[in-house]
Amino acid sequence: MKLFVDTADLAEIERIAGWGVLSGVTTNPTLLSKVDGDADDIYRRVCEVVDGPVSAEVVAVEHEEMIAEGTRLAAIHPNIVGKLPMSAESLEATTRLAADDIRVNMTLCFTAPQALLAAAAGAAFVSPFVGRFDDIGQDGVECLRDVVEVLETSSYDTEVIAASIRTPVHVMEAARMGSDIATIPPKVFDQMLRHPLTTAGIETFTRDYEARQAATKG
Ligand code: G3P
């Protein structure tokens, strides 16, 4: 499973990209609202840092306007993917954008039937949300499993991006069920990295090395 980072914070993208683990980036209007700067400049700089798909979300709601916005965003860099929220207007826009070789990430997907529609319209990616289902007391992991199963057994090339990831457990569940991609907030990357036994082990090794060095010198 490929790992994307879900943020518009360039410093965080550079930090995680430095680990050599990133295959792409996803953003949304909420994530952009948390950072300063012109959105197009941010997308451009993200594309310089990460060599992979970078999702930039359209804010238009009518299909012709979505097509115009998606086309404009795609012109920023070849790695830009137009992110469209699941709707009839988005399906129509996706069909036309895909015909022009502009990749679409269909977001705000909560069910397998929605994912199937996105795939049939030609979306390159579909983003089922895990955490937001959990927020309302439903099982987001099971929704993701439905989407993965349905797209796996269909003939579409659409890749599944497990989105709205809140914990390392979500990431592991997505990987186990065969999701193509998980888009992960920086905080969850840090949670995946750390373990108290790793920290304790490094401290012990460092202490024992230093003790031996001191004994050798003495
Ligand atoms: O980028 C879409 C998705 O990952 C948002 O996640 O945490 O706002 O539900 P969240």
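Draft legend 1. How the structure looks around the side chain of asparagine 105. Within the secondary structure, asparagine 105 sits in strand β5 (residues 104-109). Using a relative accessible area of 0% as the deciding quantity, one classes asparagine 105 as buried. Ignoring sequence-local partners within four residues, the contact set of asparagine 105 consists of Thr26, Ser55, Val81, Gly82, Lys83, Leu84, Phe125, Val126, Ser127 and Ile161.

Draft legend 2. Representation of unusual backbone geometry in the model. Phi is positive for leucine 108, close to 55 degrees, though the residue is something other than glycine. Positionally, leucine 108 belongs in strand β5. Phi angles above zero are rare outside glycine, and serine 164 is one such case at about 55 degrees. Within the secondary structure layout, serine 164 lies in the loop between β7 (159-162) and α9 (168-177). The exposure class of serine 164 is buried, given its relative accessible area of 9%.

Draft legend 3. Molecular detail of the site of the ligand. Taken together, the residues surrounding the ligand are Asp6, Asn28, Lys83, Phe129, Arg132, Ala163, Ser164 and Arg166. Take asparagine 28: an N or O atom from its side chain is 3.1 Å from an oxygen atom of the ligand. Serine 164 has a polar side-chain atom sitting 2.7 Å from an oxygen atom of the ligand. In isolation the ligand offers 310 Å² of accessible surface; the protein chains occlude 84% of this area. Under a 2 Å grid-point criterion requiring more than half of the atoms, the pocket assigned to the ligand is the largest pocket. Partitioned by chemical class, the residues of the shell around the ligand number 2 nonpolar, 2 polar and 4 charged.

Conventions and cut-offs
Position labels on residues start from 1 in each chain and follow its written sequence. Residue-level local features of this predicted model are given only where pLDDT is at least 70; pairs of side-chain atoms are given and counted only at 80 or more, and the full residue set underlies all totals for whole chains, interfaces and linings. To get the side-chain values, all heavy atoms of the structure are used, and hydrogens and water are removed first. Note on conventions: DSSP H or I runs of at least 4 residues are helices, E runs of at least 2 residues are strands, and numbering of each starts at the N terminus. Relative accessibility decides the category of a residue: with a 1.4 Å probe and only protein chains considered, values under 20% of the type maximum give buried, values over 50% give exposed, and everything between is partly exposed. Residue contacts are defined here by distance: any two heavy atoms, one from each residue, within 4.5 Å place the two residues in contact. Residues are classed as near a molecule or strand on a simple rule: at least one heavy atom within 4 Å of it. Any pair of nitrogen or oxygen atoms within 3.5 Å is treated as a polar contact; in protein, a donor-acceptor pairing is required on top of that, and neighbouring residues in sequence qualify only through side-chain atoms on both sides. Under the convention used here, a 1.4 Å probe and the Shrake-Rupley method define accessible areas, while residue burial counts only the protein chains that appear. Both site types are read off a 1 Å grid over the protein atoms alone. A 1.4 Å probe that fits but cannot get out defines a cavity, while an open set with protein on both sides within 12 Å along at least five of seven lines defines a pocket; lining residues have an atom within 4 Å of a point. A molecule is said to be in a cavity or pocket once over half of its atoms fall within 2 Å of that pocket's grid points. Three residue categories are used. Nonpolar comprises Ala, Val, Leu, Ile, Met, Phe, Trp, Tyr, Cys and Pro, charged comprises Asp, Glu, Lys and Arg, and polar comprises the others, including Gly.

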